[in-house]
Each structure stands twice: as C-alpha cells, then as structure tokens.
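Summary of structural features
Next come the chains, spelled out residue by residue.
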Amino acid sequence: MVTRQFPKPAELLELMQFKKPELDGKKRRLESALTIYDLRDIAKRRTPKAAFDYTDGAAEGELSLARARQAFEDVEFHPDVLRPAENVDMSTEILGGPSAMPFGIAPTGFTRLMQTEGEVAGAGGAGAAGIPFTLSTLGTTSIEGVKAANPNGRNWFQLYVMRDRDISYGLARRAAEAGFDTLQFTVDTPVAGARLRDKRNGFSIPPQLTLGTIINAIPRPWWWYDFLTTPKLEFASLSTTGGTVGELLNAAMDPTISYDDLTVIRDIWPGKIVVKGVQNVADSKRLIDAGVDGIILSNHGGRQLDRAPIPFRLLPEVVREVGKDATVMVDTGIMNGADIVASIALGAKFTLIGRAYLYGLMAGGRQGVDRTIAILRSEIERTMKLLGVSSIAELEPRHVTQLQRLVPVGVAAPAPEAAASVPAPRPRTPRATAASTAKTDAAASRPAKPSAAKSTGSATKA
Ligand SMILES: Cc1cc2nc3c(=O)[nH]c(=O)nc-3n(C[C@H](O)[C@H](O)[C@H](O)COP(=O)(O)O)c2cc1C
C-alpha cells in the first residue's frame, strides 16, 4: 500500500531548477554533440552534399574505412583495479617535441571547402590545445597563413612529390623556412583512389553550380553565405585547371616516386621526416632501416586502395619488428579517444585524426574543431582513468585485445565453432565480408579457442 501526501511547494520548487537557455546557437549546437558521430550528424545537416560526401566518403566500396572503424570497435580493454588515477597526464613527446595529447591533426586537402575557416581553424585549434597540426600540399591556406594561425605551436607539412618536382620541393623549402618542424612524405597516392561519391555528385574543383546543388543549398544557407563572402576557394600552393579531385590528383601525382625521392627530401628538409601511408611490415622495416624519423601506418582514411590492410591491425606486428624505439604512428578510422588509447597501448607513439577534425570543422568552424578536441580529450582521459593508468607511458599491450572478426583464408582457418562465435558485423559495416585483412594477426596463426574471438594485439609493446 502506497502512502500518499499532498505535494509540498518547497519540494516542487526544488525540482524546478530550469537551466538558463543557451542563446548562442552555435554553442548550443556544439555542446549538444557528445561524440564525434554527433558532430558528423551536425556536419551533414549543415554542409552541402558534395562537400560532405567528399569528406565523409572513401574509395570504391568504402570497405577499408568501414573495417578500420570496426577494428577500433572490436577492441576489448583490460582495466586494472585499485590503482589510483585521479590525475591523468596525457602529454607525450613526439618527433623531438611535446604534444599535450597523443594525437595530432592529419593533412587534408581542400579543407576550406568543408567550412570556410579551413586550415586556420584547424591550426588555431591545434595550437590552443598544444597538439601538432599538419598542412597538406593540397591545402587551401598558405604555409605562411598556417604559421600565422598557429605561431607558437607545432606545424607539420605533408608533401606530395608531384610530377613537377620543382613545385614539390619548393613547397618543402618554404615550409622549412616558416619553421614547420616535421615533414610527412605521403606515399600511398601514386594515382587517385576511386571516390565514387564525388563522381556521382558531379563534384569538381572548383565547385560548379548545378540545379541539384542549388536545391541542396536551400536548407544550408550559412555555408553558402560563407562560401560567397570569403576569399575564393582554391589550392593555396598549386594552380589547377579544374576537374574532379581524382582527375586533379592523377594529373599532379607521379606514380614513379621512389626511395630516390626520400634521399632528395633528406637533403632539403632540415627537420624530422616521416613516411605516411605505410601498409606492411617489410616496408616499415625498410624505411626505418633507411633512417626515416618515423612511419605512419595509414591507408589514407580508406580513400586510396579499398580493402587495404587495417593500419590499427598492422600495428602490433610492425612495432614488434621495428623495435620499441622506432616512431610508429597510426591513423585511419579514429572516431573516439578510446581508439587513440588502444593504439598507444599497442605500441603507437602517436596518432592522427582526419575526419574527426573535419566533422567538427563542418559543424562549427574553429569552435567545432575545439569541440572535436575536447571530446577526444575527455574520452582519452576517462578511458585512461577507467583502465587505471595515469600516464601515456603506463599504457601497455596487456590493456588491449583486438577481437578477431576477419580471418585470412589459407593461413590458419579458424575452427568452425570459433568462426561461429564471431559476432555479426554491426550495421555501419554491412558490406564488410571476410577477406585477407589480418595477414599479420598473431592469432590467425594460432588455433582459435572455441569460446571467443581472439586477441591479435597484446603480444609485446616491443
Ligand atoms: C577530406 C580528406 C582529405 C585528405 N587529404 C589528404 C592529403 O591531402 N594528403 C594526405 O597525405 N592525406 C590526406 N588525407 C588522409 C588523412 O591525412 C588521413 O590519413 C585520414 O583522414 C585518416 O583517416 P580518418 O579520416 O579516418 O581519421 C585526407 C583525408 C580526408 C578525409
């Protein structure tokens, strides 16, 4: 039997603690985003379809990207209990300098297309947060403009070695003069990947107005207002003749780049040199032996070779083979601070984010970039506390298991009952079918236990 009484006015008043409404629409919008996927939703609503798809999309069937994100979701963490971790130090040393957190901003081409503040927002946000920013060869803000936006922070320059070597090396020299401390030499783009969304959208550079784009613009007036009232959208360092991004890349890129170019780069670049787009153990070893300062395991966010190996999956074996002193970094698919923590635990020295930053940019310019960084910061901090670690150095391979989903055929087929226990792919990766993505997985060569998915990552930090 419930005992009832008249509601007491004082108790009612206590319940009615209404929050002051946030009158700043952008702030309200960004604060409502609790995850990078939330920022993506906002970005999608506010950005014309062709620009959003150029950013969000990947190559061919977009399997590489889906698998990379899935691999992060397939992480199992192993926390230690009764380990006080009240204050967490997320800072780290990377390539001879500090970073307040174990991630930086990856190079992205044509960034002002997503939102007019483009690289200035990225570099400014990175500088304020104490993490490095990378400017792409195909950037839409000049080298000097980025330096001005991030005068005291770390700026890195990404180099495409193009057919016209004078242009490429000239840009590298300019970036060195402007004080950029690291050069990322991207090697996974001998030709452009097939970005089918761009083709389907008729997306070209410079963007062309069609009936479709005009209809799509109606619910997105602010993007168009920005686009039409700010300096022309163009590559800051290259003159282009127009076409799809793929056509432009194919015209500019040189499929014959080789180790000789690395030798030239070493002559002209005074700072650190890292090679971006490494996708197997042999190349990792060869590059480290050749004396580069670091490698980035990356498949370009799935925008080049579709069905390429998952960089996060390659990580444990690469680290084991090149040794713990080598600087191995990883990108592709990072959407959560926990993805970053897992990468560091498995031996990455650093990580890069591409789309996670661009979704923030599209959702709200510089404030959106700040929001991306804040979300990742709180996710990293929370994950570390929940794991019972208080510094980056304490993260160990034993904290992470990579649960096995795709198993190579013909290396060591899993026992039938183990295969049956692999969870079905979630809807975000409906097209991810079994394929040879885990050639380097340690577990693939071990007989699988019937009970569960297997670890592929907790071997050694090396
Ligand atoms: C819109 C866009 C443009 C990109 N442009 C470049 C580029 O110019 N040079 C480069 O080396 N990588 C480029 N990348 C790849 C990123 O540097 C990075 O490797 C990738 O975005 C990581 O995957 P994520 O987006 O899942 O974080 C681009 C990625 C995106 C999404």
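Because the structure is a prediction, the values reported are computed rather than measured. (Residues numbered from 1 in each chain as written. Predicted model: local features only at pLDDT ≥ 70, side-chain atom pairs only at ≥ 80, totals over all residues.)

1. Re the site of the ligand
- Taken together, 22 residues surround the ligand, and among them Ala-106, Gly-109, Ser-136, Gly-301 and Gly-354 come closest.
- For the shell around the ligand, a count of residues per class yields six nonpolar, 12 polar and four charged. (Near = placed C-beta within 6 Å. Nonpolar A, V, L, I, M, F, W, Y, C, P; charged D, E, K, R; others polar.)

2. Concerning unusual backbone geometry
- Its identity as a non-glycine residue notwithstanding, His-300 has a phi of 65°, on the positive side.
- Residue position: His-300 is located in the loop between strand S9 (294-297) and helix H16 (311-322).
- Assessed through the 25 C-beta atoms surrounding it within 10 Å, His-300 is described here as buried.
- Its identity as a non-glycine residue notwithstanding, Arg-307 has a phi of 65°, on the positive side.
- Examined against the element boundaries, Arg-307 turns out to sit in the loop between S9 and H16.
- Judged by the 18 C-beta atoms lying within 10 Å of it, Arg-307 falls in the partly exposed class. (Helix = DSSP H or I, 4+ residues; strand = E, 2+ residues; numbered from the N terminus. Buried ≥ 20, exposed ≤ 12 C-beta atoms within 10 Å, placed from the backbone.)

3. Some words on the packing of helix H15 (residues 281-289) against H16
- Running from N to C, H15 and H16 point in directions that differ by 35°, and their axes come no closer than 9 Å. As H15 packs across H16, the resulting crossing turns out to be right-handed. Contact residues: Val-281, Ser-284, Lys-285 and Ile-288 in H15; Glu-317, Val-318, Glu-321 and Val-322 in H16.
- The class makeup of the residues in the contact of H15 with H16 is four nonpolar, one polar and three charged. (Axes fitted to C-alpha atoms, helices over the stretch in contact; angles between N-to-C directions. Left-handed = near helix turned anticlockwise from the far one by under 90°. Contact = placed C-beta atoms within 7 Å.)

4. Quick notes on the nonpolar core
- Formed by 116 residues in total, the largest nonpolar core has its most connected members in Val-275, Ile-295, Ile-296, Leu-297, Leu-315, Val-328 and Val-341.
- The element that contributes the greatest number of residues to this core is helix H18 (residues 355-387), accounting for 14 residues.
- Residues contacting Ile-296, with those up to four places away along its chain left out, are Gln-184, Val-274, Val-275, Lys-276, Gly-277, Val-278, Met-329, Val-330, Asp-331 and Leu-352. (Core = buried A, V, L, I, M, F, W, Y, C linked by C-beta atoms within 7 Å.)

5. Examining the pairing of strand S8 (residues 272-278)
- Of all seven residues that make up S8, six are buried, and the element is covered over most of its length.
- The pairing of strand S7 (residues 182-186) with S8 spans five bridges and is classified as parallel. Looking at the pairing, Thr-186 lines up with Lys-276 of S8.
- Pairing of S8 with S9 involves four bridges; the strand directions are parallel. Across the sheet, the residue bridging to Val-278 is Leu-297, located in S9.
- Once you follow S8 into H15 and on to S9, the crossover reads as right-handed. (Pairing = 2+ DSSP bridges. Right-handed = clockwise from strand over helix to strand, strands pointing away.)

6. Here's the deal with the environment of Ala-66
- Mapped onto the elements, Ala-66 comes out in helix H5 (residues 63-73).
- On a C-alpha basis, the gap between Ala-66 and Gly-302 in space is 8.3 Å, while along the polypeptide they are 236 residues apart.

7. Describing the confidence of the model for the protein chain
- Confidence in the prediction for the protein chain averages 88 pLDDT; 88% of positions are at 70 or higher.
- The low-confidence segment residues 418-462 (pLDDT under 50) makes 106 contacts with residues lying over four places distant or belonging to another chain. (pLDDT = per-residue confidence, 0-100.)

8. Looking at the pairing of S7
- Burial within S7 is extensive, with five of its five residues counted as buried.
- Along S7, one buried face is formed by Thr-182, Gln-184 and Thr-186 and the opposite face, lined by Leu-183 and Phe-185, is buried too.
- Of the strand pairs in this sheet, strand S6 (residues 155-159) and S7 are connected by four bridges, and their pairing is parallel. The partner of Gln-158 across the bridge, within S7, is Gln-184.

9. Some thoughts on the environment of Thr-92
- With respect to the element layout, Thr-92 can be found in strand S2 (residues 92-94).
- Placed 257 residues apart in sequence, Thr-92 and Lys-349 show a C-alpha to C-alpha distance of 8.4 Å.
- Apart from residues lying up to four places away in sequence, Thr-92 is in contact with Ser-99, Pro-102, Phe-350 and Ile-392.

10. A look at H15
- Within H15 the residues assigned to the buried category are Ser-284, Leu-287 and Ile-288. Seen end-on, H15 carries its buried residues on one side only, within an arc spanning 95°. In H15, the exposed positions that point more than 90 degrees away from the buried face belong to Ala-282 and Asp-289.
- On its buried face, H15 is in contact with S8, S9 and H16.
- Directly beyond the C-terminal end of H15, a positive phi value near 95° is found at Gly-291. (Arc of directions from axis to C-beta.)

11. A short note on helix H3 (residues 36-46)
- Along H3, the positions that sit buried rather than exposed are Ile-36, Leu-39, Arg-40, Ile-42 and Ala-43. Projected down its long axis, H3 carries its buried residues within an arc of 165°, all on one side.
- Elements in contact with the buried residues of H3: helix H2 (25-31), helix H4 (49-56) and H18.

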